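An overview of the molecular structure
Residue strings, one per chain:
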Amino acid sequence: MDFRHELVLPNEDLPFRLFVFEGKDGNYKVSKHWHRSIEIFLVLEGGIDFYINSQLYRLAPGQFMLVNSNEVHSIDCPDPNFTLVLQIPRGLFENYLFDADSLLFQRSCQKDAVLVSLIRRMQEAYVQRQTGYLFQILRDFYELMYLLVSDYRILEVDEERRKQNKNLDRLSKITSYIQVNYRENLTLEGVAHIFGFSPAYLSKMFQKYAGINYKAYLLDLRTEAGYRLLMNTELAVGQIAMECGFPDSRSFAKAFRQRYGMTPAEYRKNA
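A brief structural summary.

**What to know about the sheet that holds strand β1 (residues 17–20)**
Spatial ordering of the open sheet is given by β1-β8-β3-β6, a layout of 4 strands whose pairing is antiparallel. What marks the edges here is a single partner per strand, and that holds for β1 and β6 (64–67). On average, each strand axis in the sheet is inclined to that of its neighbour by 15°, with strand direction left out of account. Judged from the 4 bridges that link them, strand β3 (residues 38–45) and β6 form a sheet pairing that is antiparallel. Within the sheet, the bridge partner assigned to Phe41 lies in β6 and is Met65. This element, helix α2 (residues 112–128), spans β1, β3, β6 and β8 (82–88) of the sheet and lies at about 85° to β3. Along the sheet, helix α3 (residues 133–152) makes contact with β3, β6 and β8, crossing β8 at roughly 80°.

Rendered as structure tokens:
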């Protein structure tokens, strides 16, 4: 059965998220970001370029990328693709492992084919929704969880990695705030004050642990939000710019062109 056109949406009935990558049509970028969830990107058709800490991994059909909690990553997919994304909250591991705060997985092992098979079975069951499908999905999901901790886990984590993870945990709280309030006038000084840091210290944290400065992070976030509104609504470009925190349509168009190679109006026309 071909699931090419089936979209598996974020799930309220499951303890994780399983969905089709939104950059499936190509000419799409995801800027540098991080989060506490563990992510697996499984490419079934086409290909995507995946960056982890600025290191490039080219994924072809049948290949996947495992992203650790608080690992800085970005994605570039110029061409159409069909990619499944599985997001596992780190809290699920914390429920069963006393040292989950230092949990780290390797990206591949001899069980890669098993992991790929489990994800494909989960997606197929969710699309078909036959009687008892949630039991089947949960069975495969917890088998996958066991596979991760038994075969993919890195048992010895160096102190520098622990320190980076702790600081990115702190930054995650800040970026979560930014993601909710990006439409507002979020100056570095204002955000630093809210979280009790000096502007210089917050700027240094972004650059050192995320590899991106505060201004670039906020601009990328607003540009991605503009892209989603451009593709999913009929709002005028000027209105989209204001909705996403840009001072005017010109600044939005400039950021959009730098990212996608054309103006928002041109992109919408060619979509």
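From this point, the narrative continues.
**Regarding the nonpolar core**
Of all hydrophobic cores here, the largest spans 49 residues; its most connected members are Phe50, Leu171, Ile178 and Phe206. With 7 residues, the top contributor of residues to this core is helix α7 (residues 214–232).

**Focus: the side chain of Thr175**
Turning to its location among the elements, Thr175 is positioned in helix α4 (residues 159–181). The class for Thr175 is buried, based on a relative accessible area of 3%. Aside from chain neighbours lying at most four places away, what touches Thr175 is Trp34, Phe206 and Tyr217.

**What to know about unusual backbone geometry**
Peptide bonds are, in most cases, trans, and in most cases residues other than glycine have a negative phi. If you check the backbone angles, Ser54 has positive phi at about 70° while not being a glycine. Secondary-structure assignment places Ser54 in the loop between β4 (48–52) and β5 (55–59). The residue Arg129 is not glycine, and still its phi comes out positive at about 50°. Following the sequence through the fold, Arg129 ends up in the loop between α2 and α3. Given the relative accessible area of 44%, Arg129 is considered partly exposed.

**Details of the packing of aromatic side chains**
Any pair of aromatic rings gets described here by the distance separating the centres and the angle formed by the planes. Enumeration over the complete set of coordinates arrives at 21 aromatic pairs. Aromatic pair Phe252 and Phe256: ring centres 5.7 Å apart, planes at 70°, arrangement edge-to-face. Taken together, the residues Phe252 and Phe256, both in helix α9 (residues 249–260) and 4 residues apart, mark about one turn of the helix. Aromatic pair Phe256 and Tyr267: ring centres 5.5 Å apart, planes at 80°, arrangement edge-to-face. Pair noted here: Phe256 is in helix α9 and Tyr267 is in helix α10 (residues 264–270), with a separation of 11 residues, a long-range link.

**Looking at α7**
Here α7 spans 27 Å end to end across 19 residues, near enough to the 27 Å set by a 1.5 Å rise per residue. Among the residues of α7, those classed as buried are Tyr214, Tyr217, Leu218, Leu221, Arg222, Thr223, Glu224, Ala225, Gly226, Tyr227 and Leu230.

**Some details on α3**
Taking 1.5 Å per residue as the helical rise, α3 with its 20 residues ought to reach 28 Å, and the 27 Å between its terminal C-alpha atoms agrees with that figure. Buried within α3 we find Tyr133, Ile137, Asp140, Phe141, Leu144, Met145, Leu147, Leu148 and Tyr152. One side of α3 holds all its buried residues, which, seen down the axis, span an arc of 160°. Summarising the geometry of α3, the exposed residues directed more than 90 degrees from the buried face are Phe135 and Tyr146. Its buried side turned inward, α3 meets β3, β6, β8, α1 (90–94) and α2.

**Structural notes on the packing of α4 against helix α6 (residues 199–210)**
Two numbers describe how α4 lies on α6: the axes approach to 10 Å, and their chain directions differ by 115°. As α4 runs across α6, the sense of the crossing is left-handed. Seen from α4, the contacting residues are Lys163, Gln164, Asn167, Leu168, Arg170, Leu171, Ile174, Thr175 and Ile178; seen from α6, they are Tyr201, Leu202, Met205, Phe206 and Tyr209. Across the contact of α4 with α6, the residue classes tally to 9 nonpolar, 3 polar and 2 charged.

Parameters and conventions
Residues numbered from 1 in each chain as written. Predicted model: local features only at pLDDT ≥ 70, side-chain atom pairs only at ≥ 80, totals over all residues. Heavy atoms only, no water. Pairing = 2+ DSSP bridges. Helix = DSSP H or I, 4+ residues; strand = E, 2+ residues; numbered from the N terminus. Axes fitted to C-alpha atoms, helices over the stretch in contact; angles between N-to-C directions. Contact = heavy atoms within 4.5 Å. Core = buried A, V, L, I, M, F, W, Y, C linked by side-chain atoms within 4.5 Å. Buried < 20%, exposed > 50% of the residue type's maximum accessible area, 1.4 Å probe, protein only. Phe/Tyr/Trp six-rings, centres within 6.5 Å; stacked < 30°, edge-to-face > 60°. Expected span 1.5 Å × (residues − 1). Arc of directions from axis to C-beta. Left-handed = near helix turned anticlockwise from the far one by under 90°. Nonpolar A, V, L, I, M, F, W, Y, C, P; charged D, E, K, R; others polar.

Nothing here speaks to function; it is geometry throughout.
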